[in-house]
Amino acid sequence: MRMFALCGVLVLSVPAFGQAPREAAAAKPPEKTIVVKAARLIDGRSEQVRRNQAVVVVGQRIREVGAADEVVRKAGQAQVVDLGDATLLPGLIDNHTHVLLQGDITAGEYDEQLLKESTPYRTIRATVAARTALMNGFTTIRDLETEGAMYADVDVKTAIQRGIIPGPRMYVVTRAMAPTGMYPLLGYSWELRMPEGVQIVDGPDNARKAVREQVKYGADWIKFYADRKYYWDEKKGRLASWVNFTDEEAKALVDEAHRIGRKVAAHAIGWDGIDAALRAGVDTIEHGDGLTDDLIDRLVKQNVYWCPTIYVGVYVAEGRGGVWPRMVELEKQAFAKALRKHVRISFGTDAGGFAWSENQAKEFGYMVRYGMTPMQAIQSATTVAAALLGESQNLGELSAGHLADVVAVDGDPLQDIGRLEHIRFVMKGGEIFKNER
């Protein structure tokens, strides 16, 4: 469109219908084709490992998966990445992270981050955490709140989407919610106005408003803290907890989130908190150490996913003391029961609850030791995790049409699940971020 003056009148010159403007006249360059081949392929859905396979990537998506020799022959001049005796897998998904947190075994460690680190500084550290997750093979994460850093997770997500920094695609919660006096920072003088680790919400109407506000500022999911103060109830023989929200408040929160198209994750550790979260109609239970047979049956009936976050419990138990070491064993027992009853268990680590210097993939080893097969553990971080996100058509699988998220390890992870702690190749959306020889 051109602009010029005619007798003092501003005139716009608009191209005729069907005529492209000059700046758009140049044809877009063809999308790049890359072929990635290796000795083995785990597609995320099948129980079988496929041998000598190749993945054809065009642009951001997978065009074809097939026998390597045939695929390479058909690919012509495409770039071929030969990973030799490696195993290709779908990009891994961690459905419980905190990129704006750097480990909080003790209350002092948590308080120090909120009191001594500015939100810009924490966001800078979060960009490093995001890159770490990607280099560990996690091409997608669900980041379950900023712990007092407001909406900085939305900024990190945006920076990744725009290619400013490397990192996984992110589904973010923003601030999470708890009622007054039920989440750190706690125990300081009443004369001081302390930062809050969550958005403080009291009453059903405020719960609905908080949901709307978080969605307004970019929340993909909503999260609330269903319980606190975990203890062993000798009389009932179960891990108990204090419930944070009234039923009316929790139900309003969940109903409003669902009404405007957002799913809800509930931090729920003790029996009482899990029970309250299920009554409210949440979509995922986070941690869930106190799951019992009756609660597990309700998870199955209500089609609720469980993110156990095993490794973080092991990591913090000794430092926190009290009932925490016992909770590790309780979760191990719950995990075995949930497997037998076919609960949909999604991979989630709570990275950030432990230091980002610890590899998230350590979670796989615990899942296998607790009863999963290596293939089930891999599927928990691929097809099951993608289904939790409602992204089964795009993520979690190496098949035609899916986003080209591809990772690789040397050797066979079904023989040694620990190999997933040593990712050598990472592709996200058709772009190679890591390729170690």
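Here is a short report on the structure shown in this document. (Residues numbered from 1 in each chain as written. Predicted model: local features only at pLDDT ≥ 70, side-chain atom pairs only at ≥ 80, totals over all residues. Heavy atoms only, no water.)

1. Some points on the pattern of salt bridges
In step 1: One pass over the structure, following the stated rule, counts 24 salt bridges.
In step 2: Between K37 and D82 there is a salt bridge; the shortest N-O distance is 3.7 Å. Of the two residues, K37 sits in strand β3 (residues 33–41) while D82 sits in strand β6 (residues 79–82), which places them 45 residues apart along the sequence.
In step 3: Given a relative accessible area of 43%, D82 falls into the partly exposed group.
In step 4: Among the ionic pairs, K157 bridges to D220, the shortest N-O distance being 2.8 Å. You can see K157 sitting in helix α4 (residues 152–161) and its partner D220 sitting in the loop between α5 (204–216) and β13 (221–225), a full 63 residues away along the chain.
In step 5: On the basis of relative accessibility, which here comes to 14%, the residue K157 falls in the buried class.
In step 6: Several salt bridges share partner residues, and in doing so they unite R208, R212, E256 and R259 into one network. (Salt bridge = Lys/Arg side-chain N within 4 Å of Asp/Glu carboxyl O. Helix = DSSP H or I, 4+ residues; strand = E, 2+ residues; numbered from the N terminus. Buried < 20%, exposed > 50% of the residue type's maximum accessible area, 1.4 Å probe, protein only.)

2. Notes on the environment of N206
In step 1: Of note, N206 is situated in helix α5.
In step 2: On the basis of relative accessible area, N206 is assigned to the partly exposed category, the value being 43%.
In step 3: Here the alpha-carbon distance between N206 and E249, two residues 43 residues apart in the chain, equals 8.6 Å.
In step 4: Only 2.8 Å separates the side chain of N206 from the backbone oxygen of D202, close enough to count as a polar contact. (Polar contact = N/O pair within 3.5 Å; in protein donor to acceptor, adjacent residues only side chain to side chain.)

3. Re the nonpolar core
A general feature of soluble globular proteins is that nonpolar side chains tend to end up buried together.
In step 1: Formed by 92 residues in total, the largest nonpolar core has its most connected members in F224, I285, W306 and F364.
In step 2: It is helix α10 (residues 324–340) that contributes the most residues to this core, seven residues altogether.
In step 3: Core analysis: the next-biggest nonpolar cluster, separate from the first, contains 24 residues, I93, Y183, C307 and L395 among them. (Core = buried A, V, L, I, M, F, W, Y, C linked by side-chain atoms within 4.5 Å.)

4. Some remarks on the layout of surface pockets
Take a probe with the size of a water molecule and roll it over the atoms, and the empty space left behind shows itself.
In step 1: Taken as a whole, the largest pocket holds about 1,000 Å³ of empty space.
In step 2: Taken together, 38 residues form the lining of the largest pocket, with Y183, P184, Y230, R320 and W324 sitting closest to its centre.
In step 3: Residues belonging to the lining of the largest pocket are distributed by class as follows: 17 nonpolar, ten polar and eleven charged. (1 Å grid on protein atoms, 1.4 Å probe; cavity = no way out; pocket = protein on both sides within 12 Å on 5 of 7 lines; lining within 4 Å. Points joined across faces, edges and corners; volume = space filled by probe spheres on them. Nonpolar A, V, L, I, M, F, W, Y, C, P; charged D, E, K, R; others polar.)

5. Structural notes on empty space enclosed by the protein
In step 1: A complete count under the given rule lists three cavities of 30 Å³ or more for this structure.
In step 2: Each pocket or cavity is described by its volume, and for the largest cavity that value is around 50 Å³.
In step 3: If you trace the largest cavity, you find it lined by P90, G91, I93, T139, T140, N394, L395, G396, E397, L403 and D405.
In step 4: Residue composition of the lining of the largest cavity, grouped by class: four nonpolar, five polar and two charged.

6. Here we look at the packing of helix α9 (residues 310–320) against α10
In step 1: Viewed as axis vectors pointing N to C, α9 and α10 meet at an angle of 160°, and their least axial separation amounts to 7 Å. Judged by the inter-axis angle, α9 sits roughly antiparallel to α10. Crossing geometry of α9 relative to α10 is assigned as left-handed. Contact residues: α9 offers I310, G313, V314, V316, A317 and R320, while α10 offers W324, P325, V328, E331 and F335.
In step 2: When its residues are assigned to classes, the contact of α9 with α10 shows eight nonpolar, one polar and two charged. (Axes fitted to C-alpha atoms, helices over the stretch in contact; angles between N-to-C directions. Parallel < 35°, antiparallel > 145°, perpendicular 65-115°, else oblique. Left-handed = near helix turned anticlockwise from the far one by under 90°. Contact = heavy atoms within 4.5 Å.)

7. Thoughts on the environment of L101
In step 1: Looking at the secondary structure, you find L101 in the loop between β8 (92–97) and α2 (107–116).
In step 2: Among the residues examined, L101 registers a relative accessible area of 2% and is labelled buried.
In step 3: A C-alpha to C-alpha distance of 9.0 Å links L101 and A129, two positions 28 residues apart in sequence.

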